[in-house]
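Here is how the chains run, residue by residue.
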Amino acid sequence: MEKETHRKHTYYLKDAILYDGTGAPPFIGDVLIEDGKISFVGTIGNNYVPEDATIVDCHNLCVSPGFIDMHSHSDSGLPLYPDAECLIRQGITTTIGGNCGSSAAGIPFEDAKTWKRYLEAGLRKWHNLGEYLHMIDRLKPAVNIGMLIGHGDLRQKIAGETGDTLTEEQMQQMKVLVEQGMAQGGFGVSTGLEYVPGRFATVDELVHLSMGASASNGIHASHIRNEGPHLIESIEEILEVTRKSQVRFEVSHLKACGPKNWGKVSKVLDMFREAESKDINISCDFYPYLASSTGLSIVLPDWVLKDGKRAALNLLSGEERNKIAAQSHERTVEQGGWDKVVITYLQRKEDKYMEGLNVEEISQRTGLSPAQTAIEILVRNDLNVDIARHAMSEQDLLAVMKYPSSTVVTDGSVSIPEKGKLHPRSVGTFPRMLGSYVRDKGVLTMEEAIKKCTSLPAKKVGIANRGTIKAGYLGDIVIFDPLTIEDKSTYEDPWQYPTGIHWVFVNGIPVIQDGQVTGNRPGRALRNVLS
């Protein structure tokens, strides 16, 4: 439904507690939105309000720029669920997809299984990032979306599923593909160095990739190689990439997994400060939860996944199974143990009873060791298993949260309740940040936190004319009650929407009005201004 997307409207936001997104203290004032843009910020006399303006009484309510989620995986779901209710209900007006090395814009044309759901939704195949963005323009979702170029997609295109080291010619080819993606509107590149095929990238390969983005002032956002026992070494690796390529680097969802690794985050932040003193542009983001979300295959050693999915399944079912189990057990114990690995999604209907249980609990039912249980689950479900891993420290999280250049992200995905459980961060991240960590715990001031949700991610990504309440900027705005904003989503019951968000505007059109979804879909595909 697109009730108002193509109509011009004027909104007078009156008597608000204004947070402009810059980190400046709030002030009482008004905002005028006309023709999709902010036309005035300050005190507006009644004589200057257009007669056709809709007056929104914001007394005792906060007005801030719309929240920008610079690390999401909503690019795959947005074409299917363009109403994006779980995003707009938490105040997200812009989402950045294509993270962790994988992008919906890079789906292999021959991947019939993945394309099936898009074709059944009435969409046509897209061949590249540019065509994906044009599809979004036609679709008109409820939120804006910008894209990163997934390294894994490019590597698979160049070298298939092999884990072989790329040749100089192949690395140059990757750099050219990045430059093409940037020209089509990409904001930068992403890597998933803990996943296949990102696991197999060398520093030289990552430098070539980064140079393709840095030529257009793009960003490199990375799920680094290890977030546990080898966290420091992984940071040293990306610092080397940053020095050699001069790219602006973002460490995605910075954390240390496993009690033995807690406290390492402070060392990482010291490394960032030292790098910044040498004019190296590096920063990070975080989600305000203590459990991560990923695929169960992450417990497997690199060599199992080296030659792709089919080869991995053959190894898991063959003579190497006990060896794999032993190495997987060692990897998992280093990052907290099997009781911290909770199954959240399984492909087989017969296995759905396991969702919500941890691997330790499931192993007690199967009679197998936890590692053997994990392998059995992976084989039965063709590796399509999602987990939440409860292995993070609140102290580490707070350290990242307080770091001046860190930003708030969901690392989540747009979906609908009918598709089953998901990590609560996909539903409640931004209200959780402002309610729990700002109002209740006082970790940051409201203006500091809002900056991390708005102007700071806009600056990092390179999004023009958004993220600040300023005359001439696009009308992406959230109106919320500072006393009642709160996340309700839990791991057990994630589909509970936040409270306290009254209005959300995207490009000057309300997608949430008086706490209710309007059905408007005024979102746009955003593009790198240099494209």
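Owing to the predicted nature of the structure, the values given are computational and were not obtained by experimental measurement.

Undergrad: How should I be thinking about the overall build of the protein chain in this particular structure?
TA: Secondary structure summary: the protein chain contains 17 helices and 21 strands in total. Here the C-alpha atoms of the protein chain give a radius of gyration of 23 Å, agreeing with the 24 Å that 2.2 N^0.38 yields for 531 residues. Taken along its principal axes, the extent of the C-alpha atoms in the protein chain is 80 × 50 × 50 Å. Out of the 531 residues belonging to the protein chain, those deemed buried represent 60%. Across the protein chain, every contact between residues at least 6 apart in sequence was considered, and the portion connecting residues at least 24 apart equals 76%. Just so you have it, the protein chain exposes about 20700 Å², and 49% of that area is on carbon and sulfur atoms. Across the protein chain, the mean location of the 57 positive side-chain charges is 2 Å away from that of the 68 negative side-chain charges.

Undergrad: Just to check I follow, could you spell out the packing of helix α6 (residues 203-214) against helix α7 (residues 231-245) for this structure?
TA: When two helices pack together, their arrangement is given by the angle between the helix axes and by the axis-to-axis distance. In the contact formed by α6 and α7, the axes pass within 9 Å of each other and the chain directions differ by 50°. Of the possible angle classes, the one that applies to α6 and α7 is oblique. For α6 against α7, the interelement crossing comes out right-handed. Every residue of α7 that contacts α6 at V203, L206, V207, S210, M211 and S214 is listed here: E237, E240, V241, K244 and S245. Of the residues belonging to the contact of α6 with α7, the class tally is five nonpolar, three polar and three charged.

Undergrad: Sorry, what's going on with helix α12 (residues 359-366) here?
TA: Residues three or four positions apart in an α-helix share a direction because the helix packs 3.6 residues into each turn. Buried within α12 are the following residues: V359, I362 and S363. Seen from one end, α12 has its buried residues packed into an arc of 105°, which puts them on one side. In α12, the exposed positions that point more than 90 degrees away from the buried face belong to Q364 and R365. Summarising the contacts, the buried residues of α12 are in contact with β15 (341-346) and α13 (370-380). In this structure N358 caps α12, since a side-chain oxygen of it lies 2.9 Å from the backbone nitrogen of E360.

Undergrad: Explain the pattern of salt bridges here, please?
TA: If charged atoms from side chains of opposite charge come close, those side chains can pair. Inspection of every chain in the model, using the stated rule, returns 28 salt bridges. A salt bridge links E274 to K278; the shortest N-O distance between them is 3.4 Å. Here the salt bridges do not stand alone but share partners, grouping R348, E350, D351 and R380 into one network.

Undergrad: Explain the sheet that holds strand β8 (residues 144-147) to me, please; I cannot follow it from the model alone.
TA: Strand pairing in a sheet is mediated by backbone hydrogen bonds. Such pairs are either parallel or antiparallel. The strand order across the open sheet formed by three strands is β6-β7-β8, and the pairing between neighbours is parallel. At either end of the open sheet lies a strand with only one pairing partner, and these are β6 (67-69) and β8. Neighbour to neighbour, the strand axes of the sheet diverge by 20° on average, direction disregarded. Across three bridges, β6 lies against strand β7 (residues 92-97) in parallel orientation. Pairing of I68 across the sheet is with T94, part of β7.

Undergrad: How should helix α8 (residues 264-277) be read in this particular structure?
TA: Here α8 contains 14 residues, and its C-alpha end-to-end distance of 20 Å stays within 8% of the 20 Å for a straight helix at 1.5 Å per residue. For α8, every residue scored as buried is listed here: V265, V268, L269, M271, F272 and A275. Considered in projection along α8, the buried side chains sweep an arc of 155° and stay on one side of the axis. Contact partners of the buried residues in α8: α7, β12 (248-251), β13 (282-286) and α14 (394-402). One or two positions beyond α8, positive phi appears at D279, with a value near 65°.

Undergrad: What is the right way to look at the side chain of S436 in this model?
TA: Its place among the elements puts S436 in helix α15 (residues 425-440). The buried category is assigned to S436, whose relative accessible area is 16%. Excluding residues that lie within four positions of it along the chain, S436 makes contacts with P431 and K441.

Undergrad: How should the environment of W338 be read in this particular structure?
TA: Here W338 is to be found in the loop between α11 (321-334) and β15. Sequence spacing of W338 and N358 is 20 residues, and the spatial spacing of their C-alpha atoms is 7.0 Å. Within polar-contact distance, the side chain of W338 engages the side chain of H329 at 2.9 Å.

Undergrad: For this particular structure, what's the right way to read the sheet that holds β15?
TA: Sheet architecture is open: three strands sit in the order β14-β16-β15, paired in antiparallel fashion. The open sheet has two edge strands with one neighbour each: β14 (291-295) and β15. On average, each strand axis in the sheet is inclined to that of its neighbour by 25°, with strand direction left out of account. In the sheet, β14 pairs with strand β16 (residues 385-390) via five bridges, with the strands oriented antiparallel. Opposite G295, over in β16, you have D386 as the bridge partner.

Undergrad: What exactly am I supposed to notice about the pairing of strand β11 (residues 219-223) here?
TA: The two faces of a sheet get side chains in turn, since along a regular strand they alternate between them. Of all five residues in β11, five are buried, a share of seventy percent or more. Across five bridges, the pairing between strand β10 (residues 188-192) and β11 is parallel. From the neighbouring strand, S190 faces β11, where its bridge partner is A221. Following the backbone out of β10, through α6 and into the adjacent parallel β11, one traces a crossover that is right-handed. By the bridge criterion, four bridges tie β11 to β12 in an arrangement that is parallel. Its bridge partner being in β12, I219 is matched across the sheet by R248. Taken together, β11, α7 and β12 constitute a β-α-β crossover, and its handedness is right-handed.

Undergrad: Got a minute to help me understand the nonpolar core in this structure?
TA: Most often, soluble globular proteins have nonpolar side chains that are buried together. Y132, V251, L254 and F272 are the most contacted members of the largest nonpolar core, which totals 97 residues. The contact partners of V251, leaving out residues within four places of it in the chain, are S222, I224, I235, I238, F272, I282, S283, C284 and D285. Membership of the second largest hydrophobic core comes to 27 residues, among which are L296, L316, L357 and A371.

Undergrad: I keep staring at the packing of aromatic side chains and nothing clicks. Help me out?
TA: The geometry of an aromatic ring pair comes down to the distance between the two centres and the angle between the two planes. A complete count under the given rule lists 11 aromatic pairs for this structure. Residues Y11 and W503 carry aromatic rings whose centres are separated by 6.4 Å and whose planes lie at 65° to one another, so their mutual orientation is edge-to-face. Note that Y11 is positioned in strand β1 (residues 10-18) and W503 in strand β19 (residues 501-506), a separation of 492 residues in sequence. Across the pair, W503 and Y11 agree in class, each one buried. Each ring, one from W126 and one from Y132, has its centre 5.4 Å from the other, and the planes form 75°; the classification is edge-to-face. Look at W126 and you get buried, because its relative accessible area is 2%.

Calculation rules
- Residues numbered from 1 in each chain as written.
- Predicted model: local features only at pLDDT ≥ 70, side-chain atom pairs only at ≥ 80, totals over all residues.
- Heavy atoms only, no water.
- Helix = DSSP H or I, 4+ residues; strand = E, 2+ residues; numbered from the N terminus.
- Rg over C-alpha atoms; globule rule 2.2 N^0.38 Å.
- Buried < 20%, exposed > 50% of the residue type's maximum accessible area, 1.4 Å probe, protein only.
- Contact = heavy atoms within 4.5 Å.
- Areas by Shrake-Rupley, 256 points an atom, 1.4 Å probe, with all protein chains shown as cover.
- Lys, Arg positive; Asp, Glu negative; His and termini not counted.
- Charge placed at Lys NZ, Arg CZ, Asp CG, Glu CD.
- Axes fitted to C-alpha atoms, helices over the stretch in contact; angles between N-to-C directions.
- Parallel < 35°, antiparallel > 145°, perpendicular 65-115°, else oblique.
- Left-handed = near helix turned anticlockwise from the far one by under 90°.
- Nonpolar A, V, L, I, M, F, W, Y, C, P; charged D, E, K, R; others polar.
- Arc of directions from axis to C-beta.
- Polar contact = N/O pair within 3.5 Å; in protein donor to acceptor, adjacent residues only side chain to side chain.
- Salt bridge = Lys/Arg side-chain N within 4 Å of Asp/Glu carboxyl O.
- Pairing = 2+ DSSP bridges.
- Expected span 1.5 Å × (residues − 1).
- Right-handed = clockwise from strand over helix to strand, strands pointing away.
- Core = buried A, V, L, I, M, F, W, Y, C linked by side-chain atoms within 4.5 Å.
- Phe/Tyr/Trp six-rings, centres within 6.5 Å; stacked < 30°, edge-to-face > 60°.

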